[in-house]
Amino acid sequence: MNQPSHHLNAMRAAAPLVQNITNYVAMNVMANIMLAAGASPAMAHARGEAAEFAGLASALSINIGTLDDEWAACMQIAAKAAGENGTPWVLDPVAVGATELRRQLGARLLALAPTVIRGNASEILALSGASAQGRGADAADPVSAAEAAARELAIRTNAVVAVTGEVDFVTDGTQSARITNGDPMMPRITALGCSLTGIVAAFCAVAPPFDATVTALAYYGAAGEVAARTARGPGSFQVAFVDALFAMTGEDLDAMARIEAA
């Protein structure tokens, strides 16, 4: 793949319009994070415009975190329209194994051919049909436990699958990578994981899905490392993290990214 700087610079030059159907908890945090990175977020989920917006957008992200029947219908409408328009879209299957509602919706969205699937180990295991130990939106399985399931899921769906955690794992079923950027403070900030899905979508607007996902994870983790240098706790970390995303140059990313073939 090209240097991470190539994809970061391309994303910022394009400032892609990304439609995000995400959860109530994440909306404000996600919008600010995506703006800081250089993308143009739109939180458009109404049934009357979901399909039309998916045709206008450069990418789509779908997060099933705070579900209801109306939003579930809109997610499927948008994902179908994205497929029809050739718009890349990213699925974040939050707590997909927790309830029957989530399991059914996860299966329906999976059938609409996401470009990228990004979740924690428990979510990827559950989505693949394997046994998982998730507790709500939190992972109770290590990333390593989901690597085989991620490869199988990638082959079965023709999607790139990203298992995020202490060490991120990304695969398209043929090639795989691990990314070791990040900081332990990041899981302590609500909606940071949800926001990452939007960043992946923004990179998918300008780069092949595997390269886009790997770059997005390295960029996000590197910004976390920069933020941790000055943060005194979760509150100051969140502010420093947004600033780090904004300030990071392509050269900074190339120097900091820790990506290795898996």
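The following paragraphs examine the structure supplied in this document.

Within the protein, the regular secondary structure consists of eleven helices and nine strands. For the protein, whose C-alpha radius of gyration is 16 Å, the value lies close to the compact-globule estimate of 18 Å for 262 residues. Expressed as a percentage of its 262 residues, the buried residues of the protein come to 54%. When contacts within the protein are restricted to residue pairs at least 6 apart in sequence, those whose partners lie at least 24 apart make up 70%. Surface exposure of the protein reaches about 10500 Å², of which carbon and sulfur atoms provide 52%. A gap of 4 Å separates the mean positions of the 15 positive and 24 negative side-chain charges of the protein.

The next point concerns the packing of helix α8 (residues 192-204) against helix α9 (residues 209-228). Two elements in contact, α8 and α9, have axes whose closest approach is 8 Å; the angle formed by their N-to-C orientations is 135 degrees. Between α8 and α9, the angle falls in the class oblique. As for the relative orientation of α8 and α9, their crossing is right-handed in sense. Only Pro209, Ala212, Thr213, Thr215, Ala216, Leu217, Tyr219 and Tyr220 of α9 make contact with α8, whose side of the interface consists of Leu192, Ser195, Leu196, Ile199, Val200, Phe203 and Cys204. Looking at the contact of α8 with α9, its residues break down into twelve nonpolar, three polar and no charged.

Looking now at the packing of helix α6 (residues 121-128) against helix α7 (residues 147-157). Orientation of α6 relative to α7, taken along the N-to-C sense of each, is 50 degrees, at an axis distance of 9 Å. Accordingly, the angle class assigned to the pair α6 and α7 is oblique. Considering the relative orientation of α6 and α7, their crossing is left-handed. Between α6, through Ile124, Leu125, Leu127 and Ser128, and α7, the contact on the second element is made entirely by Ala149, Ala150, Glu152, Leu153 and Arg156. Residue composition of the contact of α6 with α7, grouped by class: six nonpolar, one polar and two charged.

Turning next to the pattern of salt bridges. All chains considered together, the criterion is met by seven salt bridges. Among the salt bridges present, the one from Glu147 reaches Arg178, with a minimum N-O distance of 2.9 Å. Taken together, the residues span a long stretch of sequence, with Glu147 in helix α7 and Arg178 in strand β8 (residues 176-179) at a distance of 31 residues.

Attention now goes to the environment of Ser195. Secondary-structure assignment places Ser195 in helix α8. Ser195 sits in the buried class, given a relative accessible area of 0%. The spacing of Ser195 and Met27 is 168 residues in sequence and 8.3 Å in space, taken between C-alpha atoms. The contacts of Ser195, once residues within four sequence positions are left out, are Val29, Met30, Ile33 and Tyr220. Within polar-contact distance, the side chain of Ser195 engages the backbone nitrogen of Met30 at 3.4 Å.

A few words on α8. Taking 1.5 Å of rise per residue, the 13 residues of α8 would be expected to cover 18 Å, and the 19 Å separating its terminal C-alpha atoms lies within 8% of that figure. Of all 13 residues making up α8, twelve are buried, and the element is well covered by its neighbours. Among all positions in α8, only Leu192, Cys194, Ser195, Leu196, Thr197, Gly198, Ile199, Val200, Ala201, Ala202, Phe203 and Cys204 are buried.

Following the criterion strictly, the structure yields four aromatic pairs and no others. Relative to Trp71, the ring of Tyr24 has its centre 4.8 Å away and its plane inclined at 40 degrees; by these criteria the two rings are tilted. Placement of the pair is Tyr24 in the loop between β1 (17-21) and α2 (27-37) and Trp71 in helix α4 (residues 69-85), with a sequence separation of 47 residues. Using a relative accessible area of 54% as the deciding quantity, one classes Tyr24 as exposed. Clustering of aromatic rings is evident, with ring pairs tying together Tyr220, Phe237 and Phe241.

Here we come to the nonpolar core. One finds Leu192, Ile199, Tyr219, Tyr220 and Phe241 to be the most contacted residues of the largest nonpolar core, which totals 51 residues. Those elements that provide at least two residues to this core are α1 (4-14), α2, β6 (160-163), β8, α8, α9, α10 (234-247) and α11 (250-256). When residues in this core are grouped by element, the largest group, eleven residues, is from α9. Not counting the four nearest positions on each side in its chain, Tyr219 is found in contact with Leu8, Arg12, Ala37, Ile199, Phe203, Leu245, Phe246, Met248 and Leu253. Within the second largest apolar cluster, 37 residues are counted, among which are Trp71, Leu91, Ala95 and Val161.

Conventions we followed
- Residues numbered from 1 in each chain as written.
- Predicted model: local features only at pLDDT ≥ 70, side-chain atom pairs only at ≥ 80, totals over all residues.
- Heavy atoms only, no water.
- Helix = DSSP H or I, 4+ residues; strand = E, 2+ residues; numbered from the N terminus.
- Rg over C-alpha atoms; globule rule 2.2 N^0.38 Å.
- Buried < 20%, exposed > 50% of the residue type's maximum accessible area, 1.4 Å probe, protein only.
- Contact = heavy atoms within 4.5 Å.
- Areas by Shrake-Rupley, 256 points an atom, 1.4 Å probe, with all protein chains shown as cover.
- Lys, Arg positive; Asp, Glu negative; His and termini not counted.
- Charge placed at Lys NZ, Arg CZ, Asp CG, Glu CD.
- Axes fitted to C-alpha atoms, helices over the stretch in contact; angles between N-to-C directions.
- Parallel < 35°, antiparallel > 145°, perpendicular 65-115°, else oblique.
- Left-handed = near helix turned anticlockwise from the far one by under 90°.
- Nonpolar A, V, L, I, M, F, W, Y, C, P; charged D, E, K, R; others polar.
- Salt bridge = Lys/Arg side-chain N within 4 Å of Asp/Glu carboxyl O.
- Polar contact = N/O pair within 3.5 Å; in protein donor to acceptor, adjacent residues only side chain to side chain.
- Expected span 1.5 Å × (residues − 1).
- Phe/Tyr/Trp six-rings, centres within 6.5 Å; stacked < 30°, edge-to-face > 60°.
- Core = buried A, V, L, I, M, F, W, Y, C linked by side-chain atoms within 4.5 Å.

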